[in-house]
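Structural description and commentary
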Amino acid sequence: MADDVVPKTFRALVETAEKKYARVRDLPAYGQWKTSNHNFHKVFKAYMKLWKYQQEHRTKLIEYGLQRWEIGEIASRIGQLYFSQYMRTSEARFLLESCIFYEAILNRKYFEGSRNDRMVRFKELRFYARFLKVSLILNRSEMVKLLVEQFKAIVDDSKAAFPGTNFKEWRLVVQEIVRFTRVHSPSPDARPLRYCALFDSHPSSRQYVARFHAKKVLKFRDALLTSYHKNEAKFAELTLDTFRMLQSLEWEPSGSFYQRSPVEPRENGAVTDQSITSGLIDINLAAEMMDPALPPNPKKAVLYRPSVPLLISVVATMCEELPPESVVLIYISASGNTTQSTTSHTESSSSSRKSSKNSALSRISYEQKSALHENYINTNGDTGQYFENCLCLGPSRSGGSNNLYPGDLIPFTRRPLFLIIDSDNSDAFKVLHGAERGERSALFLSPLRPSFKNPGTDVTQTGSQFTLFLSAPIQAFCQLVGFVSSDKDMDCYDEADGIISTAFAEWEVILCTSTSLDLVWAQVLSDPFLRRLILRFIFCRAALGLFCLNERGDEYLPVCLPKLPDTFSPNSETVQPAIRRLSKLLKVGDCFRF
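I will try to describe carefully the structure that is included in this document. (Residues numbered from 1 in each chain as written. Predicted model: local features only at pLDDT ≥ 70, side-chain atom pairs only at ≥ 80, totals over all residues. Heavy atoms only, no water.)

**A look at the packing of helix α10 (residues 203-211) against helix α20 (residues 490-513)**
- Viewed as axis vectors pointing N to C, α10 and α20 meet at an angle of 20°, and their least axial separation amounts to 8 Å. The angle between the axes of α10 and α20 places the two elements in the roughly parallel class. Read as a crossing pair, α10 and α20 show a hand that is left-handed. Side by side, α10 and α20 meet where S204, S205, Y208 and V209 of the first sit next to A505, E508, V509, C512 and T513 of the second.
- Per-class residue counts for the contact of α10 with α20 are five nonpolar, three polar and one charged. (Axes fitted to C-alpha atoms, helices over the stretch in contact; angles between N-to-C directions. Helix = DSSP H or I, 4+ residues; strand = E, 2+ residues; numbered from the N terminus. Parallel < 35°, antiparallel > 145°, perpendicular 65-115°, else oblique. Left-handed = near helix turned anticlockwise from the far one by under 90°. Contact = heavy atoms within 4.5 Å. Nonpolar A, V, L, I, M, F, W, Y, C, P; charged D, E, K, R; others polar.)

Right, here's the structure in full:
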């Protein structure tokens, strides 16, 4: 029958799109960029063809029984694809496109009526969880607040609507997002974590940065971000620490996206509404929101609780695919383990009797370490320092597959690395300095202990203090001295921001004109993200070095290797004025020793 052509064609397009999607669903968000992009292009093409077909034949399809939730499911899948592509490429336009589709689903209530169908209810819950993650990354705080309220209400309603179904996992998801937003709750007027030319480009130092040129200049291309702490605040597979670092290594998109005033959509969906995206959803709307002058974001692999073999394989892929004259940033936030390698080998040997698979993995790990040991004996004469202490990237019961030793990273120092180790055992990684195999690495090592005026502060609840200094220095300083801001303190907050901005501009000039700046830092200083990290490290070290409420020792100070010029030490007159002015502004001068 001729009338069956439209629904049959639609179902065929759905089947084709779903088959193509199944091929890319489990692809890792790192490595093999060309292959992944090729596959994703095919899936996008299939879903866009499906989406346009249902738009053109919407009336006929509805006559044949097309449900609104089916339209929502297609839009949700496209939003999911865009978000996956953002995680693979770090291109903000994909994140914005994802938000456009999710917001259209919300505003047009495609999943309304899911109370009558458990399958549709689960699709609706997954949609809310995904939209929440996108809105979090875009810092759309009002949207996040709205979504959390609606998400909680739907989960509560599900228990009554489907009494025979266990919604325990979804209740846990609600608890996660509530906890995450409670910890990460910036004020509406707070500056973005992303690099924003309005705040992070200092006019008085711009000419010095523009003229600066080292003998060797590296481009920041790739980053690996991961964290693991017991009971750390997280949402889905995004922990608070990696969330902060992820944002700190991106450009802020056009601000107009955050200031669009809503417009009521027309019921027939005949007009493309660019503020809340009506049923016709403008697929290319994100292009209008991006500043074409912005350079691309560095690609980032965000790993959630990876095993060490997986982490090493991702670093190896990054180093293998790294273009010439480029640098890889590796950020790891995790608790330390001071158990010596000989003990861990004994434990591995004991447990290996229970499983032949574990035995094989243990043997391979031991052989790899033995080979590395032999290499280091020939060059440095000392083996234990590289495999004595480690970071734990997972539960201790998982054994050696979660233990990352400093020696595990040495093979990759054949390429330029910028390492940030945030741990209570970070000093174990000092041995990497001088042990590189080709290129000298830049190292930022966190304090072994955090510093707080209020000793009850729980870092598992608030995230790492060192990471907070590198991503939101004003917020970190306020946390350090126990200053709780309110809406009435916005003028004070703006003045504090001005103090730090002035200091950073002065420090930029000194860095760019210094004759004693090590080449390791000089070769990355031209990159805005890495330069901002260096400035924030100097500020962090100065604040913690001058803080005097604890019995002070080196364990409370971060370390950078190679060393920055003495001009930037906490006791220098270059950095102290900024801390003095901030402490006076916030009336916390008694917290510091000048």
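Next comes the rest of the account.
**Some details on helix α23 (residues 576-585)**
- When we look at burial in α23, the residues that qualify are Q576, A578, I579, L582, S583 and L585.
- Lining the buried residues of α23 we find α19 (473-481), α20 and α22 (528-546).
- Where α23 terminates, the next one or two residues include K587, which has phi positive at roughly 60°. (Buried < 20%, exposed > 50% of the residue type's maximum accessible area, 1.4 Å probe, protein only.)

**Side note on unusual backbone geometry**
- Here L561 and P562 are connected by a cis peptide whose omega angle stands at -5°.
- Considering the arrangement of structural elements, one finds P562 in the loop between β10 (559-561) and α23.
- Backbone geometry places N231, a non-glycine residue, at a positive phi of 65°.
- Residue N231 is classed as exposed on the basis of its relative accessible area of 52%.
- In the Ramachandran plot, R305 falls in the positive-phi region, its phi being about 45° despite a non-glycine side chain.
- Within the secondary structure, R305 sits in the loop between β4 (299-304) and α13 (308-321).
- In this structure R305 comes out as partly exposed when scored by relative accessible area, which is 36%.

**Focus: the pattern of salt bridges**
- Tallied over the entire structure, the rule returns 20 salt bridges.
- In this structure, R77 engages E73 in a salt bridge whose closest nitrogen and oxygen atoms are separated by 3.7 Å. Placement of the pair is R77 and E73 together in helix α4 (residues 68-89), with a separation of four residues, close to one helical turn.
- Looking at E73, the relative accessible area reads 18%, which means it is buried.
- With its nearest N and O atoms 3.1 Å apart, the salt bridge here joins D157 to R121. Of the two residues, D157 is situated in helix α7 (residues 141-161) and R121 in helix α6 (residues 118-137); the sequence distance between them amounts to 36 residues.
- The partly exposed category is assigned to D157, whose relative accessible area is 22%. (Salt bridge = Lys/Arg side-chain N within 4 Å of Asp/Glu carboxyl O.)

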